[in-house]
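Architecture and fold: a report
Below are the chains, spelled out letter by letter.
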Amino acid sequence: NAGVTQTPKFQVLKTGQSMTLQCAQDMNHNSMYWYRQDPGMGLRLIYYSASEGTTDKGEVPNGYNVSRLNKREFSLRLESAAPSQTSVYFCASRRDRNQPQHFGDGTRLSIL
Amino acid sequence: SQELEQSPQSLIVQEGKNLTINCTSSKTLYGLYWYKQKYGEGLIFLMMLQKGGEEKSHEKITAKLDEKKQQSSLHITASQPSHAGIYLCGAAPQGGSEKLVFGKGMKLTVNP
């Protein structure tokens, strides 16, 4: 099984450009999450989707939008990229609140 | 808001040595998750603890949850170079929460 698949793995953007990070899971999980990981800050939740059709803000949602396209896919969009959004982005999913989250391999995003 | 403090922040040990890392919560723990991350990769789920006093083991890694101390420990017996990486703990800020908060991680180096 592929688990949680993120694309792309690496991306370099210029300030002001837009981009969508893709995430898909093949485990029939209900909940999906987007995190960013920065040195010294740990993992911080950007947005999450508890079920198909719902999305909610996490700890650091400003500058991002999300779409739960269907049960499998959860995308993260940067409308106007800023250097402060340079980070490693992780997507995760889990079946329900009593189960652990499973993570993708991450997208390394640099904004110049 | 809940915060998870991991200690030590980093550790260098000789192969074969035992070690313990801790994760202490600022608030009541409602479940505790341990993950391992290798550089440039995603988070790999290790163990989940849900009840006070619970102890789980997998290969040479044992995790315990002490609800009274609001703390979890992760013990590695006879460390190997394959144990090297960053260990992160995650917890739900309240029972049944969709969100998880994570510690900043503990970097483990195992010298052969």
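Let me sum up the structure you'll find in this document. The structure displayed is predicted, hence computed values, not measured ones. Here the residue numbering is sequential within each chain, running from 1 through the sequence in written order. Chains carry letters and ligands carry numbers; both start at the beginning, A for chains and 1 for ligands, and go up in the order they are written. Selection of residues for local features in this predicted model requires a pLDDT of at least 70, selection of side-chain atom pairs for listing and counting requires 80 or more, and totals for whole chains, interfaces and linings are taken over all residues. The basis for the side-chain values is all heavy atoms of the structure; hydrogens and waters are excluded.

1. A look at the overall build of chain A
Counting from the N terminus, the helices are DSSP H or I runs at least four residues long and the strands are E runs at least two residues long. Scanning chain A from terminus to terminus reveals 0 helices and 11 strands. What you see in chain A, going N to C, is helices and strands ordered as β-β-β-β-β-β-β-β-β-β-β. Here chain A has a C-alpha radius of gyration of 13 Å; the compact-globule value for 112 residues is 13 Å, and the two agree. Once the C-alpha set of chain A is aligned to its principal axes, its extents read approximately 40 × 25 × 25 Å. Whether a residue is buried, partly exposed or exposed follows from its accessible area with a 1.4 Å probe, protein chains only, as a fraction of its type maximum: under 20%, in between, or over 50%, in that order. Per-residue burial over chain A gives 48% buried out of 112 residues. The contact criterion used is simple: two residues touch if any of their non-hydrogen atoms lie within 4.5 Å. If you take every contact in chain A between residues at least 6 apart in sequence, the share linking residues at least 24 apart comes to 54%. All accessible areas in this document rest on Shrake-Rupley with a 1.4 Å probe, and a residue is counted as covered only by the protein chains that are shown. Counting every atom, chain A has about 5,200 Å² of accessible surface; 46% of that belongs to carbon and sulfur. For chain A, the distance from the average site of its 13 positive side-chain charges to the average site of its 9 negative ones is 2 Å. Atoms considered for the radius of gyration are the C-alpha atoms alone. The globule rule reads 2.2 Å times the number of residues to the power 0.38. In summary, the charge assignment counts Lys and Arg as positive and Asp and Glu as negative, without counting His or the chain termini. Lys charges are placed at NZ, Arg charges at CZ, Asp charges at CG and Glu charges at CD.

2. Considering the pattern of salt bridges
Whenever Lys or Arg places a side-chain nitrogen within 4 Å of a carboxyl oxygen from Asp or Glu, that contact is recorded as a salt bridge. Within the structure shown, the criterion is met by 6 salt bridges over all chains. With a shortest N-O distance of 3.5 Å, Arg 95 of chain A and Asp 96 of chain A are connected by a salt bridge. Across the salt bridge formed by Glu 54 of chain B and Lys 56 of chain B, the nearest N and O atoms sit 3.7 Å from each other. Three or more residues joined by partner-sharing salt bridges are found here, namely Arg 36, Asp 38 and Arg 44 of chain A.

3. Examining the pairing of strand S11 (residues 106–111) of chain B
Residues and elements named next belong to chain B. Burial along S11 is one-sided: the residues Met 106, Leu 108 and Val 110 are buried and none of Lys 107, Thr 109 and Asn 111 is. Alignment of strand S2 (residues 10–14) against S11, held across 5 bridges, turns out to be parallel. Counterpart to Leu 11 in the pairing with S11 is Leu 108. As paired elements, strand S9 (residues 85–92) and S11 share 3 bridges and run antiparallel to each other. When the bridges of S11 are listed, Ile 86 appears paired with Lys 107. A pair of strands is considered paired only if DSSP assigns at least 2 bridges between the two.

4. With respect to the interface of chain A and chain B
Every contact between the two is made by 23 residues of chain A and, on the other side, 19 residues of chain B. The term buried area denotes the loss of accessible surface (1.4 Å probe radius) that occurs when two parts are joined, taken as the sum for both partners. Summed over both sides, the interface between chain A and chain B buries roughly 1,700 Å², with carbon and sulfur atoms accounting for 53% of that surface. At the junction of chain A with chain B, the criterion picks out 0 salt bridges. We call two N or O atoms a polar contact when they sit within 3.5 Å, provided that within protein one can donate a hydrogen and the other can accept it, with sequence-adjacent residues counted only if both atoms are side-chain atoms. The interface formed by chain A and chain B contains 4 residue pairs in polar contact (both at pLDDT 80 or more). Mapped onto the side of chain A that touches chain B, the elements with two or more residues apiece are strand S4 (31–38), strand S5 (42–49) and strand S9 (87–94) of chain A. In terms of residue class, the side of chain A that touches chain B is built from 10 nonpolar, 8 polar and 5 charged. When residue character is reported, Ala, Val, Leu, Ile, Met, Phe, Trp, Tyr, Cys and Pro are called nonpolar, Asp, Glu, Lys and Arg charged, and the others, Gly included, polar.

5. Focus on the state of the cysteines
Any two cysteine sulfur atoms within 2.5 Å of one another count as a disulfide. Tallied over the full model, the rule gives 2 disulfides over all chains. With its sulfur 1.9 Å from that of its partner, Cys 23 of chain A forms a disulfide with Cys 91 of chain A. For the disulfide bridge between Cys 23 of chain A and Cys 91 of chain A, the dihedral angle about the S-S bond is near -75°, and by the sign convention the bridge is left-handed. Here the residue Cys 23 of chain A occupies a position in strand S3 (residues 19–25), and Cys 91 of chain A occupies one in strand S9, the gap between them amounting to 68 residues. The disulfide that involves Cys 23 of chain B links it to Cys 89 of chain B, with 2.0 Å between the sulfurs. Given an S-S torsion of about 75°, the disulfide between Cys 23 of chain B and Cys 89 of chain B has right-handed geometry. Of this pair, Cys 23 of chain B sits in strand S3 (residues 19–25) while Cys 89 of chain B sits in strand S9, and the two are 66 residues apart along the sequence. Here the two residues Cys 23 of chain B and Cys 89 of chain B agree in accessibility, since each one is buried.

6. Some points on the sheet that holds S3 of chain A
All names here are of chain A. The strand order across the open sheet formed by 4 strands is S1-S3-S8-S7, and the pairing between neighbours is antiparallel. One side of each edge strand has no neighbouring strand; the edge strands of this open sheet are strand S1 (4–7) and strand S7 (64–68). Looking at each pair of strands side by side, their axes are set apart by 15° on average, direction ignored. Where S3 and strand S8 (residues 74–78) come together, 3 bridges link them in antiparallel fashion. Its bridge partner being in S8, Thr 20 is matched across the sheet by Arg 77. Here an angle of 0 to 180 degrees is reported between the N-to-C directions of two axes, which are lines fitted to C-alpha atoms, with helices fitted over the stretch in contact.

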